[in-house]
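A look at the structure
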Amino acid sequence: MNKHQRIKDNKEFQQIFKKGKSYANRQFVVYVMPSEETHFRIGLSVSKKVGNAVARNRVKRYIRQTFLELKDDVQPANYIIIARIPAATLDFHETKKSLEHVLKIAKVYRSSGKMKKREDNAGGRTR
């Protein structure tokens with residue numbers, strides 16, 4: 001993640017908590033605050049209740065990687081992602097699926113047409 005894509009300042013966190021809207025599932029809570037910038041920014045919060053430093057850092061890596069992979073499908077806004085305790089048991093693909101679910105609930109994620117294109121191409125083939 002580039003420096004301009006991170007939210008680190010406590011004042012910014014507090015502003016997003018107060019003015020943003022929250023959406024949740026069992027593994028994550030996502031606060032969303034619209035922004036006028038052309039890219040998204042994320043702040044991460046992973047409590048010590050989630051696990052030791054290794055587990056917490058793994059969860060944060062998975063979240064960052066998910067956002068990098070979904071960067072074209074996520075609306076530009078400020079996001080704070082709070083990992084709940086069950087997030088520690090997820091592998092990368094489960095983390096990505098869970099975050100996609102929360103972002104769809106928040107209506108800030110649009111799934112790309114990649115799957116449709118594959119289905120259309122597969123339907124045209126004959127054996």
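Above: the structure in question.
Notes on the structure follow. (Residues numbered from 1 in each chain as written. Predicted model: local features only at pLDDT ≥ 70, side-chain atom pairs only at ≥ 80, totals over all residues. Heavy atoms only, no water.)

**Overview of the packing of aromatic side chains**
This is how it is decided: The aromatic pairing rule takes the rings of Phe, Tyr and Trp, using the six-membered ring of Trp, and pairs them if the centres are within 6.5 Å, calling planes under 30 degrees apart stacked, those over 60 edge-to-face and the rest tilted. Only DSSP runs of H or I reaching four residues or more are called helices, and only runs of E reaching two or more are called strands; each is numbered from the N terminus. For each residue, the accessible area found with a 1.4 Å probe, counting protein chains only, is set against the maximum for its type, and the residue is called buried under 20%, exposed over 50%, and partly exposed in between.
One pass over the structure, following the stated rule, counts 5 aromatic pairs. When the centroid spacing of 4.8 Å and the interplanar angle of 85° are considered together, the rings of F17 and Y31 count as edge-to-face. On the criterion of sequence distance, the pair formed by F17 in helix 1 (residues 10-19) and Y31 in strand 2 (residues 28-34) is long-range, its members being 14 residues apart. Relative accessible area serves as the criterion here: at 28%, F17 is assigned to the partly exposed category. Their ring planes at 70° and their centres at 5.9 Å tell us that Y62 and F92 sit as a pair that is edge-to-face. Here Y62 is found in helix 2 (residues 53-69), whereas its partner F92 is found in helix 3 (residues 92-105), with 30 residues between them in sequence. By relative accessible area, which is 15% here, F92 ends up buried. Among the aromatic side chains, those forming a connected cluster through ring pairs are F13, F17 and Y31.

**Points about the pattern of salt bridges**
Short version of the rule: We define a salt bridge as a contact between a side-chain nitrogen of Lys or Arg and a carboxyl oxygen of Asp or Glu at a distance within 4 Å.
For the structure shown, the criterion picks out 2 salt bridges. The salt bridge involving E12 is made with R41; its shortest N-O contact spans 2.8 Å. You can see E12 sitting in helix 1 and its partner R41 sitting in strand 3 (residues 41-46), a full 29 residues away along the chain. Among the residues examined, E12 registers a relative accessible area of 25% and is labelled partly exposed.

**Points about a positive patch on the surface**
Note the threshold: Exposure above 30% relative accessible area and the absence of a salt bridge qualify a residue for a patch, where like charges join within 9 Å and nonpolar side chains (Val, Leu, Ile, Met, Phe, Trp, Tyr) within 5 Å. Each accessible area is a Shrake-Rupley estimate made with a 1.4 Å probe; only the visible protein chains count as cover when residues are assessed. Under the counting rule used here, the positive set is Lys and Arg, the negative set is Asp and Glu, and His together with the chain ends is not counted. A single reference atom marks each charge: NZ on Lys, CZ on Arg, CG on Asp, CD on Glu.
On the surface, a cluster of positive charge is contributed by K3, R6, K8, R61 and R64. Structurally, the position occupied by R64 is in helix 2. Given a relative accessible area of 32%, R64 falls into the partly exposed group.

**Looking at the packing of helix 2 against helix 3**
As a reminder of what qualifies: Interaxial angles span 0 to 180 degrees and are taken between N-to-C directions of axes, which are lines fitted to C-alpha atoms, for helices over the stretch in contact. Comment on the angle field: the value is read as roughly parallel under 35 degrees, roughly antiparallel over 145, roughly perpendicular from 65 to 115, and oblique elsewhere. Handedness of a crossing follows from how the near helix is turned relative to the far one, being left-handed for an anticlockwise turn of less than a right angle and right-handed for a clockwise one. The contact criterion used throughout is that any non-hydrogen atoms of two residues lie within 4.5 Å.
Following both chains from N to C, one finds helix 2 and helix 3 inclined at 60°, their axes separated by 9 Å at the closest point. Classified by the interaxial angle, the pair formed by helix 2 and helix 3 is oblique. Considering how the two elements wind past one another, helix 2 and helix 3 form a crossing that is right-handed. Two secondary-structure elements touch here, helix 2 through Y62, I63, Q65, T66, F67 and E69 and helix 3 through F92, T95, K96, L99 and L103.

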